[in-house]
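# Working through the structure, step by step
Read off the chains here:
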Amino acid sequence: MGVLLLMLGCAKHVSWDVQPRPSYELPGLEVSVVAGERPCKRVADDLAKTLSARPGVVVKPDAPVRLLVQDCEQEIDTIVELEQNFPGIVYGTNVFQERRRYDMRGWANAVLIVDSPAAPTVRLAGGSERRVRGPWISDGELDMPRVFTLQQAVRRDLATDLADQLAPLPATIRRTLYPDPEPGTSRQLHNLAVDAEREGELDEALRLAKEAYAANPTASGMDYIEALQDHAAAVGYALRP
């Protein structure tokens, strides 16, 4: 185990940014955000703020690309769990030990309609979910977070999900490199795969990663192959079969 940890400690890490492909490519980066119904107003406001912070996106009321937020749903479910233990009888009296905790789940959904004179109307579905579970306590009141605070967080997450479908932020790719690997070994092939991936040659990277795995089939090698496939899917690159 000590040798393995030492070898892992010698490895170095590299990282770089890639631009994920949006679910829908906007015909223009000047957009207006409108609530299609009253329950959607806060979601639309959060979406406008989120998009305004995305590089190149301008939110203004008279923009030709119109984003209509509608069919908004939001719910907060709270469950109080109760657990009792019966350790035995003390001085002729049944003794019960009781403890409690809370489990809060918040979710939100919405539909975003993209309307533009330059392209067909498109419907995108967004959703978010958060779950907060407190510790077990035996005495006192449950210190549950405010429902309003959880509602705000879930709504912001929903706005982020919708914004990511239109104008995703750059994503950081992180990979491991092995120092001075022996020629022809699995580690050298892995390093070559990472080099190819950094250059955007994803087919070549996948080929080398598969060769590295064949030379030394490990869980980390398979993890890298899957990570490469996820990278290609995120940026809209069609890998060769």
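Residues numbered from 1 in each chain as written. Predicted model: local features only at pLDDT ≥ 70, side-chain atom pairs only at ≥ 80, totals over all residues. Heavy atoms only, no water.

In this fold, arginine 54 is placed in the loop between α2 (41-52) and β3 (58-59). Of the polar contacts made by the side chain of arginine 54, one reaches the backbone oxygen of alanine 167; its length is 2.7 Å. Beyond its immediate chain neighbours, meaning those up to four positions away, arginine 54 contacts Thr160, Ala163, Asp164, Ala167, Pro168 and Leu169. (Helix = DSSP H or I, 4+ residues; strand = E, 2+ residues; numbered from the N terminus. Polar contact = N/O pair within 3.5 Å; in protein donor to acceptor, adjacent residues only side chain to side chain. Contact = heavy atoms within 4.5 Å.)

With 20 residues, helix α3 (residues 147-166) extends 29 Å between its outermost C-alpha atoms, agreeing within 8% with the 28 Å of an ideal straight helix rising 1.5 Å per residue. For α3, the full list of buried residues reads Leu150, Ala153, Val154, Arg155, Leu158, Ala159, Leu162, Ala163, Gln165 and Leu166. (Expected span 1.5 Å × (residues − 1). Buried < 20%, exposed > 50% of the residue type's maximum accessible area, 1.4 Å probe, protein only.)

Counting through the fold element by element, arginine 240 comes out in the segment after α6 (219-235). Linking arginine 240 and aspartate 203, residues 37 residues apart in sequence, is a C-alpha distance of 6.5 Å.

Turning our attention to the pattern of salt bridges. Any two side chains of opposite charge can pair, given that their charged atoms come close. Enumeration according to the criterion identifies 17 salt bridges in this entry. Among the salt bridges present, the one from aspartate 164 reaches arginine 54, with a minimum N-O distance of 2.9 Å. Taken together, the residues aspartate 164 in helix α3 and arginine 54 in the loop between α2 and β3 connect sequence positions 110 residues apart. Residue classification places aspartate 164 among the partly exposed residues on the basis of a relative accessible area of 34%. Connected through salt bridges with shared partners, the residues Glu81, Arg101, Asp103, Arg131 and Arg133 form a single ionic network. (Salt bridge = Lys/Arg side-chain N within 4 Å of Asp/Glu carboxyl O.)

The predicted model of the chain has a mean per-residue pLDDT of 90, with 91% of residues at 70 or higher. Within the model, pLDDT remains below 50 along residues 1-9, and this stretch shows one contact once partners closer than five positions in the same chain are excluded. (pLDDT = per-residue confidence, 0-100.)

Now for the state of the cysteines. Under the counting rule described, the total for this entry stands at one disulfide. Between the sulfur of cysteine 40 and that of cysteine 72 lies a disulfide, 2.1 Å long from S to S. A torsion of 120 degrees about the S-S bond marks the disulfide between cysteine 40 and cysteine 72 as right-handed. Residue cysteine 40 is found in the loop between β2 (30-35) and α2, and its partner cysteine 72 is found in strand β4 (residues 65-90); the two are separated by 32 residues along the sequence. Taking the relative accessible area as the measure of exposure, cysteine 40 reaches 0% and is therefore buried. (Disulfide = S-S within 2.5 Å.)

A separate point is unusual backbone geometry. Backbone geometry at aspartate 71 places phi at a positive 55 degrees, although glycine is not the residue there. Along the polypeptide, aspartate 71 turns up in strand β4. Despite not being glycine, aspartate 180 has its phi angle at roughly 50 degrees, a positive value. By secondary structure assignment, the location of aspartate 180 is in the loop between β7 (171-177) and α4 (186-198).

On to α6. If you check α6, its first and last C-alpha atoms are 25 Å apart, about what 17 residues at 1.5 Å a residue would give, namely 24 Å. Elements that come into contact with the buried residues of α6 comprise β1 (12-18), β7, α4 and α5 (202-215). A positive phi of about 75 degrees marks glycine 236, the residue just after α6.

This paragraph deals with the packing of α5 against α6. Across the interface, α5 lies against α6 with an axial gap of 9 Å and an inter-helix angle of 165 degrees. Taken together, α5 and α6 sit at an angle that is classed as roughly antiparallel. With respect to the hand of their crossing, α5 and α6 are arranged in left-handed fashion. On α6, the residues that touch Leu202, Ala205, Leu206, Ala209, Lys210 and Tyr213 of α5 are Gly221, Met222, Tyr224, Ile225, Leu228, Gln229, His231, Ala232 and Val235. For the contact of α5 with α6, a count of residues per class yields eleven nonpolar, three polar and one charged. (Axes fitted to C-alpha atoms, helices over the stretch in contact; angles between N-to-C directions. Parallel < 35°, antiparallel > 145°, perpendicular 65-115°, else oblique. Left-handed = near helix turned anticlockwise from the far one by under 90°. Nonpolar A, V, L, I, M, F, W, Y, C, P; charged D, E, K, R; others polar.)

One can find serine 32 in strand β2. For serine 32, a relative accessible area of 5% gives the class buried. The residues contacting serine 32, other than those within four sequence positions of it, are Lys60, Pro61, Ala63, Val65, Arg66 and Leu67.

Within this model, the largest pocket holds a volume of roughly 410 Å³. Contributing to the lining of the largest pocket are 18 residues, with Tyr178, His190, Thr218, Ser220 and Gly221 lying nearest its centre. Of all elements in the fold, only β7, α4, α5 and α6 reach the threshold of two or more residues within the lining of the largest pocket. When residues of the lining of the largest pocket are assigned to their parent elements, the largest contribution, five residues, is made by α6. In terms of residue class, the lining of the largest pocket is built from seven nonpolar, seven polar and four charged. Each pocket or cavity is described by its volume, and for the second largest pocket that value is around 240 Å³. Residue classes in the lining of the second largest pocket are distributed as twelve nonpolar, one polar and two charged. (1 Å grid on protein atoms, 1.4 Å probe; cavity = no way out; pocket = protein on both sides within 12 Å on 5 of 7 lines; lining within 4 Å. Points joined across faces, edges and corners; volume = space filled by probe spheres on them.)

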